[in-house]
Amino acid sequence: MSTDLDPIYEELKRLQLEGMDRVFIEDSTMALLAPIATPAAQPIAPPVPAIDLQAAMNSGHKPNAPAPEELAPRKKAVPTTTPLPNAATVELPEGNAATQMQWLQQQVENSPACKERLRPGEKIVFGEGALTADIFYCGEAPGEEEAAVGSPFQGKSGELLTKILSAMGLSREAVYMTNILKWRPEHDKPYGNRPPTQDEMEFCLPYLKAQLEIVQPKVIIGLGNATVLGLLGAGPNRKMAAIRGTWQTFEKIPLVFTFQPSYLLFNDTMKTKRMAWEDMLKAMDKVGLPISEKQQRFFQPK
Ligand code: URA
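Scope of this entry: the structure provided in the associated data block. (Residues numbered from 1 in each chain as written. Predicted model: local features only at pLDDT ≥ 70, side-chain atom pairs only at ≥ 80, totals over all residues. Heavy atoms only, no water.)

**Describing the overall build of the protein chain**
Next up, step 1: Counting its secondary structure elements, the protein chain contains 13 helices and six strands.
Next up, step 2: In the protein chain, which comprises 302 residues, the share counted as buried stands at 46%.
Next up, step 3: Nonlocal contacts in the protein chain, meaning residues at least 24 apart in sequence, comprise 75% of its contacts between residues at least 6 apart.
Next up, step 4: Carbon and sulfur atoms provide 54% of the accessible area of the protein chain, an area that totals close to 15000 Å². (Helix = DSSP H or I, 4+ residues; strand = E, 2+ residues; numbered from the N terminus. Buried < 20%, exposed > 50% of the residue type's maximum accessible area, 1.4 Å probe, protein only. Contact = heavy atoms within 4.5 Å. Areas by Shrake-Rupley, 256 points an atom, 1.4 Å probe, with all protein chains shown as cover.)

**Side note on the sheet that holds strand 4 (residues 219–223)**
Next up, step 1: Judged by pairing direction, the sheet is mixed, and its six strands sit side by side in the order 1-3-2-4-6-5 without closing on themselves. Each edge of the open sheet carries a strand with a single partner, namely strand 1 (128–129) and strand 5 (248–250).
Next up, step 2: When strand 4 meets strand 6 (residues 253–258), the two strands line up parallel, connected through four bridges. The partner of G222 across the bridge, within strand 6, is F257.
Next up, step 3: The strands that helix 9 (residues 225–232) touches are strand 2 (135–139), strand 4, strand 5 and strand 6; relative to strand 6, the one it contacts most, it runs at about 150°. (Pairing = 2+ DSSP bridges. Axes fitted to C-alpha atoms, helices over the stretch in contact; angles between N-to-C directions.)

**Quick word on the pairing of strand 2**
Next up, step 1: Burial within strand 2 is extensive, with five of its five residues counted as buried.
Next up, step 2: Side chains I135, Y137 and G139 of strand 2 all project onto a buried face; the interleaved residues F136 and C138 project onto the opposite face, where all are buried too.

**Regarding the site of the ligand**
Next up, step 1: Looking at the ligand, there are nine residues lining it, with E140, E146, F153, N179 and Q260 nearest.
Next up, step 2: Contacts to the ligand include E146, whose side-chain N or O atom sits 2.9 Å from a nitrogen atom.
Next up, step 3: At 2.6 Å from a nitrogen atom of the ligand is found a side-chain nitrogen or oxygen belonging to N179.
Next up, step 4: Here the ligand loses 100% of its free accessible area of 240 Å² to cover by the protein chains.
Next up, step 5: Split into classes, the residues belonging to the shell around the ligand amount to three nonpolar, four polar and two charged. (Near = heavy atom within 4 Å. Polar contact = N/O pair within 3.5 Å; in protein donor to acceptor, adjacent residues only side chain to side chain. Nonpolar A, V, L, I, M, F, W, Y, C, P; charged D, E, K, R; others polar.)

**A closer look at the packing of helix 4 (residues 97–110) against helix 8 (residues 198–215)**
Next up, step 1: Contact geometry of helix 4 with helix 8 gives a least axis separation of 10 Å together with a crossing angle of 170°. One way to sum up the angle between helix 4 and helix 8 is to call them roughly antiparallel. Residue-level inspection shows A97, Q100, M101, L104, Q107 and V108 of helix 4 in contact with helix 8, the latter providing Y207, A210, Q211, I214 and V215. (Parallel < 35°, antiparallel > 145°, perpendicular 65-115°, else oblique.)

**What about the pairing of strand 4?**
Next up, step 1: By the criterion of burial, strand 4 is predominantly enclosed, with five of the five residues buried.
Next up, step 2: Here strand 2 pairs with strand 4 via four bridges, running parallel. What sits directly across from Y137, in strand 4, is I221.

**Describing the environment of E202**
Next up, step 1: Positionally, E202 belongs in helix 8.
Next up, step 2: Exposure remark for E202: the relative accessible area of 43% places this residue in the partly exposed category.
Next up, step 3: Separated by 27 residues in the primary sequence, E202 and L229 place their C-alpha atoms 9.9 Å from one another.

This is how it looks when you write it as structure tokens:
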């Protein structure tokens, strides 16, 4: 039986196929959905229990996010922010890579616009790793776990990224990793992470460009849908499904996009893992890392 939920379900499936792993829903939209997404409502096809839909749509990096009624009351205040100013102009001072990176980190940490967007207890997530790294991982934005410690790619998605690096013969310390956005995007939901907006990413781009100028990597790996929009700008076919695994450039540096680790956690199939792995092999090849036969065959059907 067709219901009013069908188009929403179809749209969520379409976004998932495109590689979208998170959907942020405004309260006003949730309020519209509420009357049809209750157990008392007409049976729906396909059957999506109301609570699952809501959790799936809001759970962000947390595959096992609690159902809303299990949540403790939110303790942390949501910051009230003023509109973002124009992006800063960043001119790196003279000095070596370490002093330049330190200077840059201070610029971000002292930026009133960045500071204002932190909830109590949250930190700026500037980025970390080797300043001479060949491979530069660029995510979308920190989530709750990253903001709590001030380090990118923490929690389960961070563990997966560390495992992927280890399969490549690398460690976290051997690469550089950061996000386009340097703070966790604020929203008023009690849990989950919101993808960054185009405006937010544009505000932070000068910081990312300066990080690239310092590290001068041989390849950038963009992790997640929003990085496609953030690094290439909005436009037709700026979607993970269309662009994943193809060579692009950003700041004249070869760039390849692939799925977020959290997407791989949700979509734990050999096919998806193989697709992501092939993107890593491409990057390894580009930077001249040796690739063993065993590495070539990872996630291939036996
Ligand atoms: N963790 C990050 O630091 N960035 C992402 O884009 C996702 C998870």
